[in-house]
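Close look at the chain arrangement
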Amino acid sequence: MFDTAYEIQSIQDAVARIQHVSDSQSFQSLLCALRKYLKNIGMDGRTLIELEKRAYYLPNEYSQKDTSERMEEAKSRVLEYMLGIIDDPMDEKLLIQVMENFYMFLEILFEKEPHKKAGIHKNQLECLKIKNEYDVQHLLYAYLKPLYPLIRREVNEDTGYSTVRADLILDKDLVIEIKYTRSGMALKKLTEEIEADMVHYGAKKIYFFIYDKGKIIGNPLNFKAVYEEKMKDKRIYIIIHQPKIL
């Protein structure tokens with residue numbers, strides 16, 4: 001039976017707890033919880049196999065000291081691997097650049113003519129239209145998943161007085177909130193939503209990905225500057241896309 005006392009909340013949580021584990025039984029229990037967590041967030045089989053390889057050690061039934069040393073070596077291998085997994089998502093400049101280049105992905109997918117021998121034809125792609133926030137969420141999730149395999153979508157967070165749902169989350173302290181504007185939408189409504197999210201999310205880093213289809217943001221650079229300086233205890237990032245066609 002799985003012991004909920006060992007339940008993992010994030011990769012960072014797993015790293016911190018494995019660092020302090022001191023006995024074989026606790027190490028194995030944490031590994032079991034880590035496997036469960038990685039499966040729940042959609043990590044592929046290769047990741048789980050690599051974790052097993054790094055965590056394996058052969059106990060010495062004649063020497064507790066030798067067994068303990070082997071466990072410490074296995075701990076080091078597991079920690080090295082887990083830290084490698086979380087390195088890229090923590091690169092804020094890279095994440096911002098990737099999201100700012102989202103339009104390139106859309107341009108290639110929807111507007112460029114596929115190879116003449118391709119089974120996919122341009123007229124098929126032209127049938128795809130971004131009509132609401134859920135369309136943006138789906139495409140952005142697919143776009144980011146290969147680079148950030150730990151990314152999850154629509155994750156609930158209990159704030160203590162209510163529940164908020166993050167559109168996309170890389171870890172407990174880094175969320176991506178998607179906004180979609182349409183023609184006729186008031187700028188005030190957008191700013192009220194953003195200001196509310198800034199307060200309600202517990203994450204220390206919030207990325208607002210604004211797909212401004214309605215082009216209601218008249219000065220994107222000024223908008224970005226104002227809201228990125230809005231909070232003192234959280235880091236706010238604003239990424240704005242104003243599409244030409246979609």
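Residues numbered from 1 in each chain as written. Predicted model: local features only at pLDDT ≥ 70, side-chain atom pairs only at ≥ 80, totals over all residues. Heavy atoms only, no water.

1. Quick word on the overall build of the protein
From N to C terminus, the protein includes ten helices and five strands. Along the first, second and third principal axes, the C-alpha set of the protein runs to 75 × 55 × 30 Å. Counting only residues that meet the buried cut, the protein has 40% of its 246 residues in that class. When contacts within the protein are restricted to residue pairs at least 6 apart in sequence, long-range pairs at least 24 apart make up 65% of them. With an accessible surface of roughly 14,300 Å², the protein has 52% of that area assigned to carbon and sulfur atoms. Taken as two groups, the 37 positive and 39 negative side-chain charges of the protein have centres that lie 5 Å from each other. (Helix = DSSP H or I, 4+ residues; strand = E, 2+ residues; numbered from the N terminus. Buried < 20%, exposed > 50% of the residue type's maximum accessible area, 1.4 Å probe, protein only. Contact = heavy atoms within 4.5 Å. Areas by Shrake-Rupley, 256 points an atom, 1.4 Å probe, with all protein chains shown as cover. Lys, Arg positive; Asp, Glu negative; His and termini not counted. Charge placed at Lys NZ, Arg CZ, Asp CG, Glu CD.)

2. Remarks on the packing of helix α6 (residues 102-111) against helix α8 (residues 133-144)
Relative orientation and spacing of two packed helices are given, respectively, by the angle between their axes and the distance between those axes. At their nearest, the axes of α6 and α8 sit 11 Å apart, and the two run at 105° to each other. Compared by their axis directions, α6 and α8 come out roughly perpendicular. Two secondary-structure elements touch here, α6 through Phe-102, Phe-105, Leu-106, Leu-109 and Phe-110 and α8 through Leu-139, Leu-140 and Tyr-143. (Axes fitted to C-alpha atoms, helices over the stretch in contact; angles between N-to-C directions. Parallel < 35°, antiparallel > 145°, perpendicular 65-115°, else oblique.)

3. Regarding the pairing of strand β4 (residues 205-212)
In terms of residue burial, β4 counts as a mostly covered element, since seven of its eight residues are buried. With eight bridges connecting them, strand β3 (residues 174-181) and β4 associate as parallel partners. Residue Lys-179 lies in a different strand from β4, and its bridge partner there is Ile-210. Two strands pair when backbone bridges link them, and β4 and strand β5 (residues 235-241) are joined in this way by seven bridges, in the parallel orientation. Residue Ile-206 lies in a different strand from β5, and its bridge partner there is Ile-236. (Pairing = 2+ DSSP bridges.)

4. Focus on the side chain of Thr-191
Inspection of the secondary structure puts Thr-191 in helix α9 (residues 187-200). Since its relative accessible area comes to 14%, Thr-191 is described here as buried. Beyond its immediate sequence surroundings of up to four residues, Thr-191 is in contact with Phe-223 and Tyr-227.

5. A few points about helix α2 (residues 24-40)
Taking 1.5 Å as the rise per residue, α2 with 17 residues should run 24 Å; its terminal C-alpha atoms sit 24 Å apart, in good agreement. Along α2, the residues that are buried comprise Ser-26, Phe-27, Leu-30, Leu-31, Ala-33, Leu-34, Tyr-37 and Leu-38. Along the long axis of α2, the arc covered by the buried residues comes to 170°, so they all point the same way. Residues of α2 that are exposed and point more than 90 degrees away from the buried face comprise Gln-25, Lys-39 and Asn-40. A distance of 3.3 Å separates the backbone nitrogen of Gln-25 from a side-chain oxygen at the start of α2, and that oxygen is part of Asp-23. Gly-42 sits one or two residues past α2 and shows a positive phi near 90°. (Expected span 1.5 Å × (residues − 1). Arc of directions from axis to C-beta. Polar contact = N/O pair within 3.5 Å; in protein donor to acceptor, adjacent residues only side chain to side chain.)

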